[in-house]
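# Working through the structure, step by step
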Amino acid sequence: MAATACVLATACSQIPRDSTPESPGHAPSTSAATAIPPLPIPPPPPAHAGTAVAPARAANAVSNPALASATGTTAAPAAVDSNPAVVPAPAAKADEAKDVEPPRPVDLERPADDLWDRIRSGFAIPDLESPLVGARERWYASQPDYLKRMVERSKLYLYYIVEEVEKRGMPTEIALLPMVESAFNPMAYSRSHASGLWQFIPSTGRKHQLSQNWWADERRDVIASTSAALDYLQALYDLHGDWQLALASYNLGENGVARAIERNRARGLPTDYLSLRVPRETRGYVPKLQALKNIISDPEAFGVTLEPIPNEPYFATVPTPGTIDIRLAAKFAEMSVDELIALNPAINRPMISGPHTQTLVLPADRVDAFQRNLEAYDQPLASWQPYTMRHGDSLDKLAAKHGIGLAKLKLANGITSRTRVRPGFELLLPLKGSGAGAEPLPAVFHPPVVPAPRRGALVHIVRKGETLYGISRRYHVSTDSLLRWNHVGVLTTGQRLIIYRGRARKPANPIKLSAVEPSPNVAATVPAAQQ
């Protein structure tokens with residue numbers, strides 16, 4: 001099986017998410033992830049005779065997702081019939097003040113063999129009519145190489161996401177949202193520190209129980225982040241009763257959209273998505289998803305070819321066997337290290353810690369090999385050991401003592417020029433005699449160095465009880481500018497907000513920052529193997 005495995009295209013250079021059709025190199029806005037590093041694209045596992053078909057589609061793609069979540073019910077398999085059953089969505093409750101989108105029937109016939117057909121049959125969000133949609137359609141259609149790379153990356157994750165979307169009775173357009181957020185690259189990283197397929201910023205990730213520690217960052221974990229993103233989207237839909245407003249809130253934050261709605265309502269204006277006054281990125285966010293939906297609905301009309309994706313699980317999970325080297329885990333699964341990391345992108349270190357990464361994601365056809373090789377292995381599973389620095393220790397002395405280059409030791413431990421290394425600092429060091437110090441490091445995630453804001457910027461530390469409106473009044477800037485500069489939704493005490501002095505009044509005793517202005521976004525660095 002390992003002999004026949006291959007790694008598909010690794011060139012995953014990413015175009016800016018907020019690029020305009022007229023200028024493909026245009027700098028994206030705050031929350032987008034730009035140049036995305038290469039990720040390996042393992043081939044889909046071969047189909048096996050007798051494999052069970054995928055579960056039937058959810059009974060209603062536009063039913064209230066909060067209801068589906070609360071009941072914990074999932075769709076029952078539909079019978080194959082020449083006249084597929086059509087089940088309308090339940091009507092909104094009479095006492096609901098908000099307008100809920102009209103129900104749409106969903107075909108409940110047996111899922112198609114091609115995942116794209118299954119996705120198309122579950123589209124249920126009302127189409128958005130806007131010139132911005134046409135502009136994005138033309139842009140995507142003019143970038144066939146970009147679309148091809150994005151589709152190749154999606155093959156690893158899309159079936160799982162579609163399954164989770166359907167279980168909640170959500171429209172299958174939601175499964176395409178990582179195309180807008182990250183181009184299906186789990187290593188995508190923005191200048192606002194948003195990370196992963198679904199681009200959670202640190203505070204929102206913590207709010208949705210996505211752990212972020214030295215060992216792993218669940219914002220990049222495919223399973224954990226998908227669950228958190230769908231929970232968040234369900235809550236936003238329940239808040240607005242409208243998927244377009246829910247999507248806008250996912251991009252801007254629920255408070256930002258709520259304020260835009262209240263502004264329009266106070267002026268007697270419509271409160272639908274297209275009528276709201278929102279930042280440029282949010283204004284173009286739903287049109288991007290609509291453009292992708294239109295292309296996937298009828299690729300031939302746009303001169304686009306979509307490679308089929310098998311309508312079957314690509315990966316499965318196994319319990320992590322305590323602590324284990326990434327390389328050894330890949331060897332047990334008879335796959336490359338890059339393939340393993342593509343399915344387990346949350347890992348930060350060259351060794352997997354069971355307490356922090358309790359499950360390992362493997363291609364479905366490699367699970368048996370992993371278990372068989374693990375049971376037959378009678379040597380230590382880890383060639384690294386934790387070490388707490390003491391008085392008198394230095395990195396160069398420890399590197400020499402343990403047979404590893406200083407640069408490689410820093411890379412393995414995520415140490416940068418800003419890291420304070422002192423007594424009590426936790427390290428991973430190679431076990432003596434293991435040879436780990438001489439082996440190339442696996443290309444695990446390393447966040448890029450983000451330059452400080454341009455000269456003259458101020459930093460405001462949020463205090464208890466402060467609001468975006470109050471802060472904007474204090475500095476004589478708009479709340480939209482604060483949102484655009486910082487990509488924030490709900491403020492938290494101690495949060496740092498960047499405010500540009502050229503557009504703001506200097507308050508008493510500000511915190512000054514001086515450096516070059518950052519590039520609009522940065523991407524996670526996944527270095528080549530280090531010798």
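Residues numbered from 1 in each chain as written. Predicted model: local features only at pLDDT ≥ 70, side-chain atom pairs only at ≥ 80, totals over all residues. Heavy atoms only, no water.

### As for the pattern of salt bridges
Worth spelling out the cut-off: We define a salt bridge as a contact between a side-chain nitrogen of Lys or Arg and a carboxyl oxygen of Asp or Glu at a distance within 4 Å. Each helix corresponds to a stretch of at least 4 residues labelled H or I by DSSP, and each strand to a stretch of at least 2 residues labelled E; elements are numbered beginning at the N terminus. Accessible area is worked out with a 1.4 Å probe on protein chains only. A residue is then buried under 20% of its type maximum, exposed over 50%, and partly exposed in between.
Within the structure shown, the criterion is met by 15 salt bridges. A salt bridge links Asp127 to Lys293; its shortest N-O distance comes to 2.8 Å. Of this pair, Asp127 sits in the loop between α2 (115-121) and α3 (131-141) while Lys293 is found in helix α12 (residues 285-297), placing the two residues 166 residues apart along the sequence. For Asp127, a relative accessible area of 42% corresponds to the partly exposed category. Residue classification places Lys293 among the buried residues on the basis of a relative accessible area of 7%.

### Quick word on the packing of helix α8 (residues 222-240) against helix α9 (residues 243-252)
What counts is decided by this rule: Angles run from 0 to 180 degrees between N-to-C directions of axes, and those axes are lines fitted to C-alpha atoms, restricted for helices to the stretch in contact. Orientation labels follow simple angle bins: below 35 degrees gives roughly parallel, above 145 gives roughly antiparallel, 65 to 115 gives roughly perpendicular, and whatever is left gives oblique. We call a crossing left-handed when the near helix sits turned anticlockwise from the far one by less than a right angle, and right-handed when that turn is clockwise. Here, residues are in contact when the closest pair of their heavy atoms is within 4.5 Å.
Between α8 and α9, the least distance of the axes is 8 Å, while the angle of their chain directions is 130°. By the angle between their directions, the pair α8 and α9 is classed as oblique. Considering the relative orientation of α8 and α9, their crossing is right-handed. For the pair α8 and α9, the contacting residues are Ala229, Tyr232, Leu233, Leu236, Tyr237 and His240 in the first and Trp243, Leu245, Ala246, Leu247, Ser249 and Tyr250 in the second.

### As for the pairing of strand β4 (residues 359-363)
In plain terms, the rule: Whether two strands pair comes down to DSSP finding at least two bridges between them.
Where burial is concerned, most of β4 is hidden: four out of the five residues are buried. As defined by bridge partners, strand β1 (residues 315-319) adjoins β4 across five bridges and the pair is classed as antiparallel. Note on β4: the bridge partner recorded for Phe315 is Pro363.

### Thoughts on the environment of Ile352
Tracing the backbone shows Ile352 in strand β3 (residues 351-353). You can call Ile352 buried: its relative accessible area is 1%. For the pair Ile352 and Arg327, spaced 25 residues apart in the sequence, the C-alpha separation amounts to 9.9 Å. Not counting the four nearest positions on each side in its chain, Ile352 is found in contact with Thr320, Gly322, Thr323, Ile324, Ile326, Ile347, Thr357 and Leu360.

### Here we look at α12
Short version of the rule: By this rule the span expected of a helix is its residue count minus one, scaled by 1.5 Å.
Over its 13 residues, α12 extends 19 Å from the first C-alpha to the last, a length consistent with the 18 Å expected when each residue adds 1.5 Å. Within α12, 12 of the 13 residues are buried, which leaves it mostly tucked inside the rest of the structure. Taken together, the buried positions of α12 are Tyr285, Val286, Pro287, Lys288, Leu289, Gln290, Ala291, Leu292, Lys293, Asn294, Ile295 and Ile296. Elements that come into contact with the buried residues of α12 comprise α2, α3, α4 (144-154), α6 (177-181), α9 and α11 (280-283).

### Some words on the packing of aromatic side chains
The criterion, for reference: Pairing of aromatic rings covers Phe, Tyr and Trp, the last through its six-membered ring, and needs centres within 6.5 Å; plane angles under 30 degrees mean stacked, over 60 mean edge-to-face, and all others mean tilted.
Per the counting criterion, the structure on display carries 10 aromatic pairs. On the basis of an interplanar angle of 75° and a centroid distance of 6.4 Å, the ring pair of Phe200 and Tyr250 is categorised as edge-to-face. With Phe200 in the loop between α6 and α7 (202-207) and Tyr250 in helix α9, this residue pair connects regions lying 50 residues apart in the sequence. With respect to burial, Phe200 and Tyr250 carry one shared label: buried. On the numbers, 6.1 Å between centres and 65° between planes, the contact of Phe332 with Phe370 is edge-to-face.

### Examining the packing of helix α5 (residues 158-167) against α8
Helix-helix packing is characterised by the crossing angle of the two axes and by the distance between the axes. Under the convention used in this document: All residues other than Ala, Val, Leu, Ile, Met, Phe, Trp, Tyr, Cys, Pro, Asp, Glu, Lys and Arg, Gly among them, are scored as polar; the first ten of these are nonpolar and the last four charged.
Look at α5 against α8: their axes get within 11 Å of each other, and the N-to-C directions meet at 35°. You can see that α5 and α8 cross each other, and the crossing is right-handed. Contacts between α5 and α8 involve Tyr160, Ile161, Glu164 and Val165 from the first element and Val222, Ile223, Thr226 and Leu230 from the second. By residue class, the composition of the contact of α5 with α8 is six nonpolar, one polar and one charged.

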